[in-house]
Amino acid sequence: MDSFSSPSSGSSSSQFSTEEFMDQLKTQLAQAYAEEFLETVRGKCFEKCITKPGSSLSGSESSCISRCVERYIEATGIISRAMFSAPR
Amino acid sequence: MDSSSLNSAELQRLISQEKERAMVNEMVAKLTSACWDKCITGTPGSKFSSSESTCLANCAQRYMDMSIIIMKRFQSMQ
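Thresholds, definitions, all that
- Residues numbered from 1 in each chain as written.
- Chains lettered and ligands numbered in written order.
- Predicted model: local features only at pLDDT ≥ 70, side-chain atom pairs only at ≥ 80, totals over all residues.
- Heavy atoms only, no water.
- Salt bridge = Lys/Arg side-chain N within 4 Å of Asp/Glu carboxyl O.
- Buried < 20%, exposed > 50% of the residue type's maximum accessible area, 1.4 Å probe, protein only.
- Helix = DSSP H or I, 4+ residues; strand = E, 2+ residues; numbered from the N terminus.
- Contact = heavy atoms within 4.5 Å.
- 1 Å grid on protein atoms, 1.4 Å probe; cavity = no way out; pocket = protein on both sides within 12 Å on 5 of 7 lines; lining within 4 Å.
- Points joined across faces, edges and corners; volume = space filled by probe spheres on them.
- Nonpolar A, V, L, I, M, F, W, Y, C, P; charged D, E, K, R; others polar.
- Disulfide = S-S within 2.5 Å.

Draft legend 1. Molecular detail of the pattern of salt bridges. If you walk through the whole model with that rule in mind, you get 7 salt bridges over all chains. For Arg71(A), the salt bridge identified is with Glu70(A), shortest N-O distance 3.7 Å. Under the relative-accessibility criterion, Glu70(A) is labelled partly exposed at 47%. Asp65(B) serves as the salt-bridge partner of Arg62(B), at 2.9 Å between the closest nitrogen and oxygen. Of this pair, Arg62(B) and Asp65(B) both sit in helix H2 (residues 50–76), 3 residues apart, which is roughly one turn of that helix. Beyond isolated ion pairs, a larger network of salt bridges with shared partners links Glu70(A), Arg71(A) and Glu74(A).

What follows is the structure in structure tokens.
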């Protein structure tokens, strides 16, 4: 960097702005949460829909899986709302 | 003062907020998993029956009730 150019914010490797740091933190948390969610859905839907694994996924197994994913997302919403509107 | 630089107290506050959000997400995830097992006994349909959705809502609320009882019990033992 020559003496005529002005330093851009956050360009120094030893300094983060709070905003950049928080952006990275939030992104990583969101990714971790999404991975955990997917892993849970895989487990639940495998259990519910693939009772006897065949040599390929049947049509009914595939539609069960689709419904299962939708229902699990819906269940997450129901639980989340119930947790925050419960009368004490 | 450079408002974009790392300010320890502000950063701590923001991290603390994110930590709380993460804990809430974790609780919802755990509870959804447990309540799904308790309430969705058959093959998933194209919508929840009213008994299934009631069960899920009840499950979450009873868990919260239980949490309070456990805390009170635990505190009374200190």
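Draft legend 2. Summary view of the environment of Met27(B). Here Met27(B) is to be found in helix H1 (residues 8–39). Excluding anything up to four places from it in sequence, Met27(B) contacts Met83(A) and Tyr63(B).

Draft legend 3. Expanded view of the layout of surface pockets. What the largest pocket holds in volume is close to 200 Å³. In terms of lining residues, the largest pocket is bounded by Lys26(A), Leu29(A), Ala30(A), Ala32(A), Tyr33(A), Glu36(A), Glu18(B), Arg21(B), Ala22(B), Asn25(B) and Glu26(B). Counting residues per element, the ones that place at least two in the lining of the largest pocket are helix H1 (18–49) of chain A together with H1 of chain B. In terms of residue count, H1(A) provides more of the lining of the largest pocket than any other element does, 6 residues in total. Tallied by class, residues from the lining of the largest pocket come to 5 nonpolar, 1 polar and 5 charged.

Draft legend 4. Spatial organisation of the state of the cysteines. Residues and elements named next belong to chain A. Summed over all chains, the structure comprises 4 disulfides over all chains. In this model, Cys49 is linked to Cys64 through a disulfide, with the two sulfur atoms separated by 2.0 Å. Between Cys49 and Cys64, the disulfide has an S-S torsion of -70° and is therefore left-handed. Linking Cys49 in helix H1 with Cys64 in helix H2 (residues 59–85), this pair joins segments that are 15 residues apart in sequence.

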